[in-house]
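Residues per chain are reported as follows:
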Amino acid sequence: METTQLQNERADACADACAERAGFWRYLSRLFYRELDEELLERLRGQAVLPLSDDFDADERAFARGSNKMAKYVLAQNPDTLTQSRCDYARVFLGAGSTTDDPVSPFESVYTSEEHLLMQGARDNMFRTLIAAGLALDDDYNMPEDHISFEFQYVAHLLDAEAAACRAGDSQAADAAQEQVRAFFENHIANWVPRFCQAAAQLARTPFYHGLCECTAAWVCLEQRCYADDDAAAEQEVA
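Below: a short report on this structure. Every value quoted in this text rests on a predicted model; they were computed, and no experiment measured them.

1. Looking at unusual backbone geometry
Backbone geometry follows two general trends: most residues other than glycine have a negative phi, and most peptide bonds adopt the trans configuration.
No. 1: With a phi close to 55 degrees, histidine 116 is a non-glycine residue in the positive phi region.
No. 2: Position of histidine 116 among the secondary structure elements: in the loop between α5 (108-112) and α6 (121-132).
No. 3: You can call histidine 116 partly exposed: its relative accessible area is 42%.
No. 4: Backbone geometry at methionine 119 places phi at a positive 55 degrees, although glycine is not the residue there.
No. 5: Checked against the element boundaries, methionine 119 lands in the loop between α5 and α6.

In C-alpha cells:
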C-alpha cells in the first residue's frame, strides 16, 4: 500500500497539474473573448518563446509553433500592432472576413447543428449546464452561452474542482470531477474546436491570431491524448 507521504505527493501533483491546465484554458478563453488591448499586450510581452525540440511530435511542435507566433508578434510590437490585431480579431472571430460557404464562427451550435445555425442545441445545453453549476455569465456582449470563450471557462471551472478535491485528499470527488471534465471536453470541445480553429486560421492575417488558432487546436489534441493515455493505463492495471 502507498504511504501517506506518497499519497500526499501524488495528490499535490494532481492538484498542481489541474490548476496549471485551468490557467491555460482561462488564458485561451480571454484571447477568444475579445480583441487585444494595451493591458493584455503588456502582460503578453513576458510570454517566453518556447524551444522546439527534435523530440517533439507533431502536436507538440504545433503547440510550440503557435505559441511562438503569438509571442514574437507581441515582442515585435509597433504603433500599428493594436489596430492590426483588432481588425484581424473582427475578421476572424466576428465574421467580418468570412466569404466562404463554410461556417467560421466561435459558437458550438454553428458546427454541431444540422443547419449550422446559432442558438441551437449546444447553446441550450450550455445554458442548462451553467445554470445547474450555479454560474452566471459576466458578459458585456450578450453572446450565446456556447461561445468558445465560455466553454473554455467552464473547463477551467471543472478543473478547479478537481484540483480542490485532490488537495483535500478526496479521491472519490477527484475521480468524479475528472470524469466531469472529460465528458464536457469530449461533448463540447473536441467535437468542434479543431474544425473551428482550422477554418479560422485560414482567415487570420496576423501571426498572433494564426498562432492562437494553431496553438489552440494543438492544445485540444494534447488534452485528448492525455485521456487516451489514462485509458491505456487503466487497462494495464486491470490486466
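2. Some remarks on the pattern of salt bridges
Pairs can form between side chains of opposite charge whenever their charged atoms are close.
No. 1: Under the defined criterion, the tally for this structure stands at 12 salt bridges.
No. 2: In this structure, arginine 225 engages aspartate 59 in a salt bridge whose closest nitrogen and oxygen atoms are separated by 3.3 Å. With a gap of 166 residues between them, arginine 225 in helix α10 (residues 207-238) and aspartate 59 in helix α3 (residues 58-75) connect regions that are remote in the sequence.
No. 3: Aspartate 124 is paired through a salt bridge with arginine 123; the nearest N and O atoms lie 3.2 Å apart.
No. 4: Through salt bridges with shared partners, a single ionic network connects Asp57, Asp59 and Arg225.

3. Notes on the side chain of glutamate 162
No. 1: Mapping glutamate 162 onto the fold places it in helix α7 (residues 148-167).
No. 2: An unpaired buried charge is present at glutamate 162: no salt bridge exists, and arginine 21, the closest side chain of opposite charge, is 4.7 Å distant.
No. 3: Here glutamate 162 is in contact with Cys14, Cys18, Ala174, Ala177, Gln178 and Val181, once residues within four sequence places are set aside.

4. Quick look at the layout of surface pockets
No. 1: For the largest pocket, the calculated volume is near 820 Å³.
No. 2: Considering the residues around the largest pocket, the lining is formed by 32 residues, among which Cys14, Cys18, Glu162, Cys166 and Gln178 are closest to the centre.
No. 3: Elements that contribute at least two residues to the lining of the largest pocket include exactly α1 (4-33), α7, α8 (171-188) and α10.
No. 4: Classifying every residue of the lining of the largest pocket gives 16 nonpolar, 5 polar and 11 charged.
No. 5: Taken as a whole, the second largest pocket holds about 380 Å³ of empty space.
No. 6: Surrounding the second largest pocket, 16 residues form its lining, Ala136, Leu137, Asp138, Phe150 and Gln153 being those nearest its centre.
No. 7: Among the elements of the structure, α1 and α7 are those that each provide at least two residues to the lining of the second largest pocket.
No. 8: Considering each element in turn, the lining of the second largest pocket owes the most residues, 5 residues, to α7.
No. 9: The residue makeup of the lining of the second largest pocket, split by class, is 7 nonpolar, 4 polar and 5 charged.

What counts, and where the lines are drawn
Residues numbered from 1 in each chain as written. Predicted model: local features only at pLDDT ≥ 70, side-chain atom pairs only at ≥ 80, totals over all residues. Heavy atoms only, no water. Helix = DSSP H or I, 4+ residues; strand = E, 2+ residues; numbered from the N terminus. Buried < 20%, exposed > 50% of the residue type's maximum accessible area, 1.4 Å probe, protein only. Salt bridge = Lys/Arg side-chain N within 4 Å of Asp/Glu carboxyl O. Lys, Arg positive; Asp, Glu negative; His and termini not counted. Contact = heavy atoms within 4.5 Å. 1 Å grid on protein atoms, 1.4 Å probe; cavity = no way out; pocket = protein on both sides within 12 Å on 5 of 7 lines; lining within 4 Å. Points joined across faces, edges and corners; volume = space filled by probe spheres on them. Nonpolar A, V, L, I, M, F, W, Y, C, P; charged D, E, K, R; others polar.

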